[in-house]
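Observations on the three-dimensional arrangement
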Protein chains: 2
Amino acid sequence: MPEIVIALDAMGGDNAPGAAVEGAIAALEEWKDARVLLFGQKGIAEPRERLELVETTEVITNDEAPMLAVRKKPGSSMVSAILAVKEGRAQAMVSAGSTGALLASGMVRLGRIPGVERPALATIIPSRKRPFLLIDSGANVDCLPKYLVQFGMMGSVYMHRILGVDQPRVGLVNIGAEAEKGNQLTKETHKLMCAQEQFCFAGNVEARDIPSGDFDVVVADGFAGNLILKYTEGLAQALVGMLKDEIQSSRKSMLGAAMMKDAFQSFRSRMDYEEQGGAPLLGVNGAVVKAHGSSSARAFKNAIGQAYRMVKTGMVAEIEKGVREIAQAEKKEETP
Amino acid sequence: MPEIVIALDAMGGDNAPGAAVEGAIAALEEWKDARVLLFGQKGIAEPRERLELVETTEVITNDEAPMLAVRKKPGSSMVSAILAVKEGRAQAMVSAGSTGALLASGMVRLGRIPGVERPALATIIPSRKRPFLLIDSGANVDCLPKYLVQFGMMGSVYMHRILGVDQPRVGLVNIGAEAEKGNQLTKETHKLMCAQEQFCFAGNVEARDIPSGDFDVVVADGFAGNLILKYTEGLAQALVGMLKDEIQSSRKSMLGAAMMKDAFQSFRSRMDYEEQGGAPLLGVNGAVVKAHGSSSARAFKNAIGQAYRMVKTGMVAEIEKGVREIAQAEKKEETP
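The rules behind each value
- Residues numbered from 1 in each chain as written.
- Chains lettered and ligands numbered in written order.
- Predicted model: local features only at pLDDT ≥ 70, side-chain atom pairs only at ≥ 80, totals over all residues.
- Heavy atoms only, no water.
- Helix = DSSP H or I, 4+ residues; strand = E, 2+ residues; numbered from the N terminus.
- Buried < 20%, exposed > 50% of the residue type's maximum accessible area, 1.4 Å probe, protein only.
- Polar contact = N/O pair within 3.5 Å; in protein donor to acceptor, adjacent residues only side chain to side chain.
- Contact = heavy atoms within 4.5 Å.
- Pairing = 2+ DSSP bridges.
- Axes fitted to C-alpha atoms, helices over the stretch in contact; angles between N-to-C directions.
- Disulfide = S-S within 2.5 Å.
- Least-squares fit on C-alpha atoms with pLDDT ≥ 70 in both.
- Salt bridge = Lys/Arg side-chain N within 4 Å of Asp/Glu carboxyl O.
- Left-handed = near helix turned anticlockwise from the far one by under 90°.
- Nonpolar A, V, L, I, M, F, W, Y, C, P; charged D, E, K, R; others polar.

**Things to note about the side chain of serine 95 of chain B**
All names here are of chain B. When you line up the elements, serine 95 lands in strand 4 (residues 92–95). The exposure class assigned to serine 95 is buried, which follows from its relative accessible area of 0%. Looking at serine 95, its side chain comes within polar contact range of the main-chain nitrogen of glycine 97, at 3.0 Å. Not counting the four nearest positions on each side in its chain, serine 95 is found in contact with Asp9, Met78, Leu102, Val289, Lys290 and Ala291.

Structure follows, in structure tokens:
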């Protein structure tokens, strides 16, 4: 059985390197045909079966300008791990370090899948029914319609291959359900999405319906996507805070809240999308997962598992095929 | 004491004309120097002191294409009420009818304040600390940086004049707090906002901090603004639904929830921004308020009161002054 080799940036994230090393060990216990290359400082881990430490000295921090940091620190744990994929020593890469630097090193050092216009960051978000994939959640702030069509295809491939969703329903974030609604970008994207046959386009999704769970893939440009992602976090916190204010205004309701402790806890864990693994960077030429900055050992393990499945299911090759089919269909239309 | 005359579209909204008429009567009881011109079908109200029915036969519905409806139904209750302001028979206008048609009739029939590039819809949103104004919440889906600067100024004038906020803090919705973050639109807008002196620009506001209440005016293009507005509604509902699921999973937590009934109710009324009056359409040449489609008599009364204060405080003239000052400052910079 051929091994799946995962390059792990052990120095990125708030709990690095401890949580990264622990997560890697847990992952190796679960996936017996996996091997982890650990990129980090000397002495952070004892060598053991299927775990190899590749010593690096530099670390890219969150404060650094991403592109500059990637250029100035080619020997950093993050860039070294990316290069391992580029050079074929690993098939997947996981990092909890700077999102900007990971995007930059993914695009510049690893490169894109042939035909992909712009790689995009995708994030799993919980909803009442089932989780959905938000793509692009922040990699590309200025987009063209054709980028968004590719985002829809890549997101669809991810949900199908990695989460086993049959015929994922793809929605386009817009300010109205009707085809003619929206700004220049979404109106043109809607047309292109209707014309393609590579994924199941289920139409515009209005912001109020995003949390409904009726869509498996929710497509937006990186500005709107990042807005949705961050606002979800901020609004959930604000609502909980406002509810707390009300609860603390009476003894009776405080007692009631104490009785609901389990329900609140269970609610919180349902909302905890950080534990669902990491955010895949789709469209780069390899399986790359951005783990949350505050990742615990469990989150690292889940992110490694996610990267493992991305390799195992041949996701990159399927995205390449999807891109080619979209391009061929466009050509056909141009020359009838 | 000169009267303030408010033109009310009595046929717009789910509860029209009953709630509109009732709201008008309540408003007249509170504001003794107000007069209401009621635009609607024959017989919807008995004439009384300071209340005059102006008979109209047509109604614009929510299903109609806005611009077309405004053109085809010049005698509708909405367009007639707008024309009353245009012709000086009223100083303010309130409608709970189609948002699109109100935007269209406001822009086309009433016209813009001299110098205003694009009128914008502004919405009051509750937060844990204090409510803030979101502008533009949906009128202009494709914007230029100079529009957004005017939105900031108009929002600042509104919060100062109508809600009495001293030196309102204006924030620009962006995907990072730093000046260099964002897309083309927000990066350029950030520069322009820093350069002006007409309002207090407090920098970028990240989506996760929007509900913090640290900003009095939150500026976004109409696409992002509408996204924020509608997502607030959808996410709050989804979170409450998910919490309900958890509560109903055990007897103990159901009992706890019953004890928290008052807290939940108080929480709901704090979130109920629909009752805070309506959304002012800022930048048109008159005081125009879009009341919520589901407005009750109380909501109509509040929206009328809001329009009344917009006239009373000379808001339109102050926006005109602000626009002039921004233009003069720009000219000065061009010719040093």
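**A short note on the sheet that holds strand 3 (residues 51–55) of chain A**
Residue and element names in this part refer to chain A. Read from one edge to the other, the open sheet built from 11 strands follows the order 3-2-1-4-11-10-5-6-9-7-8, with strand pairing classed as mixed. Edge strands, defined here as strands with exactly one partner in the open sheet, are strand 3 and strand 8 (200–206). The mean inter-strand angle of the sheet, taken between neighbouring strand axes irrespective of direction, is 25 degrees.

**Some details on the state of the cysteines**
Counting across every chain of the model gives zero disulfides over all chains. Of the cysteine sulfurs around cysteine 194 of chain B, a residue in no disulfide, the closest is that of cysteine 200 of chain B, at 11 Å.

**What about the relation of the copies chain B and chain A?**
Least-squares fitting of chain B to chain A yields an RMSD of 0.1 Å, with the transformation described by 0.0 Å of translation along the axis and a rotation of 180 degrees. Put plainly, the chains are arranged around a two-fold axis. Closest to the rotation axis within chain B is the C-alpha of glycine 256 of chain B, separated from it by 1.9 Å. Most of the interface of chain B is mirrored in chain A: 100% of its interface residues are interface residues there too.

**Digging into the interface of chain B and chain A**
With 49 residues of chain B in contact, the opposing surface of chain A contributes 49 residues. At the boundary of chain B and chain A, one finds two salt bridges. The salt bridge partner of glutamate 233 of chain B is arginine 208 of chain A, with a shortest N-O separation of 3.4 Å. For the side of chain B that touches chain A, the secondary structure elements donating two or more residues are strand 7 (169–174), helix 6 (184–195), helix 7 (222–247), helix 8 (251–259) and helix 9 (261–271) of chain B. By residue number, the principal contributor to the side of chain B that touches chain A is helix 7 of chain B, which donates 20 residues.

**Remarks on the packing of helix 3 (residues 77–86) of chain B against helix 4 (residues 99–110) of chain B**
Residues and elements named next belong to chain B. Two elements in contact, helix 3 and helix 4, have axes separated by 10 Å at closest approach and are oriented at 35 degrees. Between helix 3 and helix 4 the crossing geometry is right-handed. From helix 3, Met78, Val79, Ile82, Leu83, Val85 and Lys86 reach across to helix 4, where they touch Ala101, Leu102, Ser105, Gly106, Arg109 and Leu110. Its residues assigned to classes, the contact of helix 3 with helix 4 shows eight nonpolar, two polar and two charged.

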